[in-house]
Amino acid sequence: MLNIEDIRKDFPILSRQVNGKPLVYLDNAATSQTPKQVIDCIVDYYSNYNANIHRGVHTLSQEATDKYEAARQTIQKHFNAEKAHEIIFTSGTTHGINLVANGFSSLLKKGDEIIVSALEHHSNIVPWQMLCEHTGAILKVIPMNEYGELVIPEYDKLLSSNTKLVFVNHISNALGTINPIEDIIEKAHQVGAAVLVDGAQACPHVKPDVQDLDVDFYVASAHKMCGPTGVGILYGKEAWLNKLPPYQGGGEMIAEVTFEKTTYADLPHKFEAGTPNICGGIAFGTAIDYMNEIGFDNIANYENELLVYATKKLLEIEGLKIYGTSKHKTSVISFNLQGIHPYDVGTILDKLGIAVRTGHHCAQPIMDYFKIPGTVRASFAFYNTISEVDTLIEGVKKAKMMLT
Amino acid sequence: MTIEDIQNEIIDEFSMFDDWEERYQYMIDLGKTLPLIDDQYKTEENIIKGCQSKVWVHAEMKNEKIIFTADSDAIITKGIIAILIRAFSNQSPKAIIEANTDFIDEIGLKDHLSPTRANGLVSMIKQLKMYAIAYQTQLQ
């Protein structure tokens, strides 16, 4: 059992007021809040050992390098990667996806096929469209059903020896659906295709084991897992990372430079050109430690309680419809009030101190499927409470009353 | 009445409200009741995409004054549009070009005109001014 009141004390922001009301933060799928352990880590870095890494001979540089590489190992352990150099620091999920897309641009040829899912975030669609334009490869889409689940029999039909890559999110950001990635990965491998999984929405709720999943690439962002913004990771199997060309040129990524030829550095530095977000990487490690201390099983169980309670209470409101009703979902609820624009609901909720997301959640194809301009999305984290769910319910009722 | 007179009138009206709820309820009611645009003008080319809510604007010139009509799919946005139209419509191009929107701050709706709000209102005001500049050129 989690002691939520104690946990909440770790998050300074949760005690602030918004529009004169106590903040009820239910936009965790956009970004999570930061515990003081992570904030302290950031302060400690800039107060005590801020230095550039990997090349200095002085003490600060050595300390910063040690901590940065220790964070990489924490992350490696968390994701159960076989080797630390299979963890590439990025600026976030989108960067990781672009890095892989760019790498594949030299491996694909005309007529090759890439499969993406209908549940993707824009960041997971646009790079592949660009890649297809560039290489002449063809983009295919796994459709979804009315529950917001991928239609796996359709996926089976899309797979062929032409399939070179499959891209799917682990959990949908707009609807919270948990996708059957084990099955998707296994089937892709049967036709010799590589798989990249976008774990941005999954990592706050579950602990992915990349070896067990046998996934080729997995990307995540720190800021959705109690860490800072602007940092994330790309996990890639060593063999794949060796096969991909470097993404950006610059310092750190080279072994030797002459005017005739440059040899690239070994992994992971080959993909980490320039000075990285050193503090962010270290703080990411601290955030992962923090979440592991609370325990992902505890997190998942508690968040599921919040989800079940909130779903039940919301559905008691007449005219409220929830989008994404898969049995396999995380603590994300996308909904609309009949005849009311989500933007209006979000505006009233904000006035009541309740932070939700409104709009298409960068997943316009999903909104088109349901023929709606967007939804109101409430997403819960382990530091939210049943009483905050009640505040949300009262807020939605009030919005309905004012707007009808 | 000049734009400034109308704006002062709106500020007076809003000063009667005690809290945000009354202000918002008033805007919502404005949004609900007013027919703001003829359906024939709710076209793709009159749309201002604001990411979250859509805004349509139509302008025409009558007796050297510009008549604006507009609409939105979100009702609070529509309420604010009603207020903007009341201030800017049926005025000369020159008056519209010279007018400011400070009164929106004074009636407590400043957040809605923030460029990051993505509701289309900032672009809408730009559009009103662009129409005024275009019509002004025609007059000269």
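Here the structure is a predicted model, which means the values were calculated and not measured. (Residues numbered from 1 in each chain as written. Chains lettered and ligands numbered in written order. Predicted model: local features only at pLDDT ≥ 70, side-chain atom pairs only at ≥ 80, totals over all residues.)

Peer 1: Describe in detail the overall build of chain A, supporting the description with residues and values.
Peer 2: On a plain count of helices and strands, chain A comes out with 14 helices and 17 strands. Overall, chain A is about 70 × 55 × 35 Å in size when its C-alpha atoms are taken along their principal axes. With 404 residues in all, chain A has 49% of them scored as buried. (Helix = DSSP H or I, 4+ residues; strand = E, 2+ residues; numbered from the N terminus. Buried ≥ 20, exposed ≤ 12 C-beta atoms within 10 Å, placed from the backbone.)

Peer 1: Go over the confidence of the model for chain B with me, naming the residues and quoting the values.
Peer 2: Residue and element names in this part refer to chain B. For chain B, the mean per-residue pLDDT works out to 86, and 91% of the residues sit at or above 70. The secondary-structure element of chain B with the lowest mean pLDDT is strand β1 (residues 47–49), recorded at 76, while helix α4 (residues 93–98) shows the highest, at 94. For this predicted complex, the interface score ipTM comes out at 0.86, alongside a pTM of 0.91. (pLDDT = per-residue confidence, 0-100.)

Peer 1: Tell me about the sheet that holds strand β13 (residues 320–323) of chain A, and please be specific about residues and values.
Peer 2: Residues and elements named next belong to chain A. Sheet architecture is open: 4 strands sit in the order β13-β14-β17-β16, paired in antiparallel fashion. The open sheet has two edge strands with one neighbour each: β13 and β16 (357–359). Pairs of neighbouring strands in the sheet enclose a mean axial angle of 30°, with direction left out of account. In terms of strand pairing, β13 meets strand β14 (residues 332–337) through 4 bridges, oriented antiparallel. (Pairing = 2+ DSSP bridges. Axes fitted to C-alpha atoms, helices over the stretch in contact; angles between N-to-C directions.)

Peer 1: Now, about the interface of chain B and chain A: what can you tell me, with residues and values included?
Peer 2: Tallying the contact residues gives 13 residues for chain B and 12 residues for chain A. Listing elements by their share of the side of chain B that touches chain A, those giving two or more residues are α2 (20–33) and α3 (75–88) of chain B. Broken down by element, the side of chain B that touches chain A gets its largest block of residues, 4 residues, from α2 of chain B. (Contact = placed C-beta atoms within 7 Å.)

Peer 1: Mind laying out the environment of I11 of chain B, listing which residues take part and the relevant values?
Peer 2: Residues and elements named next belong to chain B. Here I11 shows up in helix α1 (residues 3–15). Considering only alpha carbons, one finds I11 and I107, 96 residues apart in sequence, at a separation of 5.8 Å. Excluding its chain neighbours within four sequence positions, the residues that come into contact with I11 are F103, E106 and I107.

Peer 1: Break down unusual backbone geometry for me, with residues and values.
Peer 2: Residue and element names in this part refer to chain A. At the junction of L267 and P268, the peptide bond is cis and its omega measures out at 0° in the coordinates. Mapped onto the elements, P268 comes out in the loop between β12 (262–264) and α10 (278–294). You will see that C226, though not glycine, has its phi angle at about 70°, which is positive. Among the secondary structure elements, C226 is positioned in the loop between β9 (217–221) and β10 (232–236).

Peer 1: So what about helix α12 (residues 342–351) of chain A? Which residues, and what values?
Peer 2: All names here are of chain A. Across the 10 residues of α12, 9 count as buried, placing the element largely inside the fold. Considered for burial, the residues of α12 that qualify are P342, Y343, D344, V345, G346, T347, I348, L349 and K351. G353 lies just past α12 and shows a positive phi near 85°.

Peer 1: Report on the sheet that holds β9 of chain A, specifying residues and quantitative values.
Peer 2: Residue and element names in this part refer to chain A. Overall, mixed pairing links the 7 strands, which are arranged β4-β10-β9-β8-β7-β5-β6 in an open sheet. Pairing within the sheet leaves two strands with one partner each, and these edge strands are β4 (87–90) and β6 (138–142). The average undirected angle you get between the axes of adjacent strands in this sheet is 20°. Across the face of the sheet, helix α7 (residues 181–190) comes into contact with β7 (163–169) and β8 (194–198) while running at roughly 175° to β7.

Peer 1: Explain the nonpolar core to me, using residue names and the numbers behind them.
Peer 2: Ranked by internal contacts, the top residues of the largest apolar core, which has 147 residues, are V195 and A287 of chain A together with A70 of chain B. No other element matches the 10 residues that α3 of chain B contributes to this core. For A70 of chain B, the residues in contact, after removing those within four places along its chain, are L36, I37, V55, W56, V57, H58, I81, I85 and M124 of chain B. (Core = buried A, V, L, I, M, F, W, Y, C linked by C-beta atoms within 7 Å.)

Peer 1: I'd love a proper account of the packing of helix α4 (residues 93–104) of chain A against helix α5 (residues 126–135) of chain A, names of residues and values included.
Peer 2: The description of two packed helices rests on the angle between their axes and on the distance between the axes. Residues and elements named next belong to chain A. Remark: α4 packs on α5, axes separated minimally by 10 Å, with the N-to-C direction vectors making an angle of 10°. One element, α4, and the other, α5, form an angle in the roughly parallel class. Handedness of the crossing formed by α4 with α5: right-handed. Residues I97, N98, A101 and F104 of α4 form the contact with α5, whose participating residues are P127, W128 and L131. (Parallel < 35°, antiparallel > 145°, perpendicular 65-115°, else oblique. Left-handed = near helix turned anticlockwise from the far one by under 90°.)

Peer 1: Explain the pairing of β8 of chain A to me, and be specific about the residues and the numbers.
Peer 2: Residues and elements named next belong to chain A. Here β8 lies mainly inside the structure; 5 of its 5 residues are buried. Residues A194, L196 and D198 of β8 are buried on one face, and the alternating residues V195 and V197, pointing to the opposite face, are buried as well. Two strands pair when backbone bridges link them, and β7 and β8 are joined in this way by 5 bridges, in the parallel orientation. Bridged to L165 within β8 is A194. In this fold, the crossover linking β7 to β8 by way of α7 has right-handed handedness. (Right-handed = clockwise from strand over helix to strand, strands pointing away.)

Peer 1: Explain the domain arrangement of chain A to me, using residue names and the numbers behind them.
Peer 2: All names here are of chain A. The domain boundaries assigned to chain A delineate domain 1 (4–30 + 295–403) and domain 2 (39–293). Distance between the C-alpha centres of domain 1 and domain 2: 28 Å. Tallying the contact residues gives 24 residues for domain 1 and 23 residues for domain 2. Of all elements in the fold, only α11 (296–315), β14 and α13 (364–370) reach the threshold of two or more residues within the side of domain 1 that touches domain 2. Among the elements that line the side of domain 1 that touches domain 2, the one with the most residues is α11, at 4 residues. (Domains from an automatic or database assignment.)

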